[in-house]
Amino acid sequence: MDEAQEVKETIRQNLARVQNRIANACQRVGRRPEEVTLVAVSKTMHAQRVTLACEAGVRDLGENRVQEAATKIPLVKADVTWHLIGHLQTNKAKQAVSLFDVIHSVDSVRIAEAIGSYAIALRKEMPILLEVNVSGEATKYGFDPVALPAAVETISQLRSVRLEGLMTVAPMVRNPEEARPFFVRLGELRDELRDRFPGAIGRHLSMGMTDDFEVAIEEGATMVRIGRAIFGERSVHFSPDSATIS
Ligand SMILES: *Cc1c(COP(=O)(O)O)cnc(C)c1O
């Protein structure tokens with residue numbers, strides 16, 4: 001096998017293992033695996049590797065930087081859904097709206113308004129999620145939970161954005177069980193918002209990563225964002241311009 005075939009085979013096996021773990025987590029709580037979208041997080045991975053992942057069966061891809069995605073997305077020759085999962089600055093909103101199919105990381109009313117106005121210009125309806133800083137860590141992006149009702153009220157009035165639900169990044173913990181309360185809380189926040197503003201916000205919960213996705217699924221995740229368990233460890237020496245496969 002040449003190197004590309006080996007990479008593809010490794011990703012295929014990783015994907016099968018992750019899908020199996022998703023199915024088992026669903027089974028534990030009486031959910032169906034079809035309820036959970038697996039977003040393969042391809043940040044720092046080169047376009048060639050990402051294309052191989054698509055050939056291995058990946059259908060949804062997540063990127064956290066608009067700049068990186070702008071060079072990568074045109075090079076990935078596959079019909080996939082692209083998810084923006086990282087903080088978005090206003091000056092990149094236009095590019096983000098044209099590159100991505102879903103934006104998970106809306107963390108202010110201002111950025112939602114910018115997305116909305118570019119979506120109108122591009123005649124697109126943009127599905128978005130609101131990122132919530134459930135743990136209150138100072139280093140994290142996301143809405144303070146107390147600011148959500150006002151945000152939902154304003155954002156749900158915007159034309160050209162469709163508010164699909166909430167997203168969170170749980171704190172880094174040694175035992176994934178310690179992340180559970182944050183996933184539970186995101187589900188409660190979604191339920192409260194849906195009760196208070198009927199029809200304004202969808203039911204999606206984007207939560208769970210390589211180290212904690214099974215717990216997130218047990219607590220209702222409808223989208224999990226998984227990088228390392230599919231692509232392997234990310235290189236600290238990553239340079240978006242290098243031509244190697246890794
Ligand atoms: C990198 C990243 C992920 C994936 O992390 P892994 O630990 O590699 O699964 C998920 N969500 C966000 C927001 C990320 O930045």
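Residues numbered from 1 in each chain as written. Predicted model: local features only at pLDDT ≥ 70, side-chain atom pairs only at ≥ 80, totals over all residues. Heavy atoms only, no water.

**Q** Which residues make up the pattern of salt bridges, and what values go with them?
**A** Inspection of the entire model under this criterion finds 20 salt bridges. Between Lys 8 and Glu 55 there is a salt bridge whose closest N-O contact spans 2.9 Å. With a gap of 47 residues between them, Lys 8 in helix 1 (residues 3–28) and Glu 55 in helix 2 (residues 47–55) connect regions that are remote in the sequence. The class for Glu 55 is partly exposed, based on a relative accessible area of 46%. Residue Glu 9 is joined to Arg 12 by a salt bridge in which the shortest nitrogen-to-oxygen separation is 3.4 Å. Placement of both Glu 9 and Arg 12 in helix 1 is noted, with a separation of three residues, approximately one turn of the helix. Residue Arg 12 is classed as partly exposed on the basis of its relative accessible area, which comes to 38%. Sharing partners across several salt bridges, the network here consists of Arg 28, Glu 177, Arg 180, Glu 218 and Glu 219. (Salt bridge = Lys/Arg side-chain N within 4 Å of Asp/Glu carboxyl O. Helix = DSSP H or I, 4+ residues; strand = E, 2+ residues; numbered from the N terminus. Buried < 20%, exposed > 50% of the residue type's maximum accessible area, 1.4 Å probe, protein only.)

**Q** Explain the site of the ligand residue by residue, including any values.
**A** Taken together, the neighbourhood of the ligand is formed by Val 41, Lys 43, Ile 85, Val 169, Met 209, Thr 210, Arg 225, Ile 226, Gly 227, Arg 228 and Arg 234. Lys 43 places a polar side-chain atom, nitrogen or oxygen, 2.7 Å from an oxygen atom of the ligand. Of the residues contributing to the shell around the ligand, the split by class is five nonpolar, two polar and four charged. (Near = heavy atom within 4 Å. Polar contact = N/O pair within 3.5 Å; in protein donor to acceptor, adjacent residues only side chain to side chain. Nonpolar A, V, L, I, M, F, W, Y, C, P; charged D, E, K, R; others polar.)

**Q** Got a sec to walk through the nonpolar core? Specific residues and values, please.
**A** Among the nonpolar cores identified, the biggest contains 74 residues, and Ile 115, Ile 128, Leu 130 and Leu 166 are the most heavily contacted of them. Considering each element in turn, this core owes the most residues, eight residues, to helix 1. Setting aside anything within four residues of it in sequence, one finds Leu 130 in contact with His 104, Val 106, Phe 143, Leu 148, Val 152, Ile 155, Leu 163, Gly 165, Leu 166 and Met 167. (Core = buried A, V, L, I, M, F, W, Y, C linked by side-chain atoms within 4.5 Å. Contact = heavy atoms within 4.5 Å.)

**Q** Tell me about the packing of helix 1 against helix 2, and name the residues and values.
**A** Pairs of packed helices are described in terms of their axes, by the angle between the two and the distance that separates them. It is the contact of helix 1 with helix 2, at a shortest axis distance of 9 Å, that shows an interaxial angle of 55°. Viewed along their axes, helix 1 and helix 2 adopt a mutual orientation that is oblique. Of the two elements, helix 1 crosses helix 2, and the hand of that crossing is right-handed. Across the interface between the two elements, Ala 4, Val 7, Lys 8, Ile 11 and Arg 12 from helix 1 touch Arg 49, Leu 52, Ala 53 and Glu 55 from helix 2. Across the contact of helix 1 with helix 2, the residue classes tally to five nonpolar, no polar and four charged. (Axes fitted to C-alpha atoms, helices over the stretch in contact; angles between N-to-C directions. Parallel < 35°, antiparallel > 145°, perpendicular 65-115°, else oblique. Left-handed = near helix turned anticlockwise from the far one by under 90°.)

**Q** Let's hear about unusual backbone geometry: which residues, and what values?
**A** Of note, Thr 44 is a non-glycine position whose phi angle comes to about 70°, a positive value. Positive phi values are uncommon outside glycine, yet Arg 123 reaches one of about 50°. Here Arg 123 lies in the loop between helix 5 (109–121) and strand 5 (126–131). Taking the relative accessible area as the measure of exposure, Arg 123 reaches 80% and is therefore exposed.

**Q** An account of helix 1 is requested, with residue identities and associated values reported.
**A** A rise of 1.5 Å per residue sets the reference length of helix 1, with its 26 residues, at 38 Å; its end C-alpha atoms lie 38 Å apart and thus fit the reference within 8%. Looking at the buried residues of helix 1, the elements they touch are strand 1 (37–41), helix 2, helix 8 (213–218), strand 8 (223–226) and helix 9 (228–231). Gly 30 sits one or two residues past helix 1 and shows a positive phi near 70°. (Expected span 1.5 Å × (residues − 1).)

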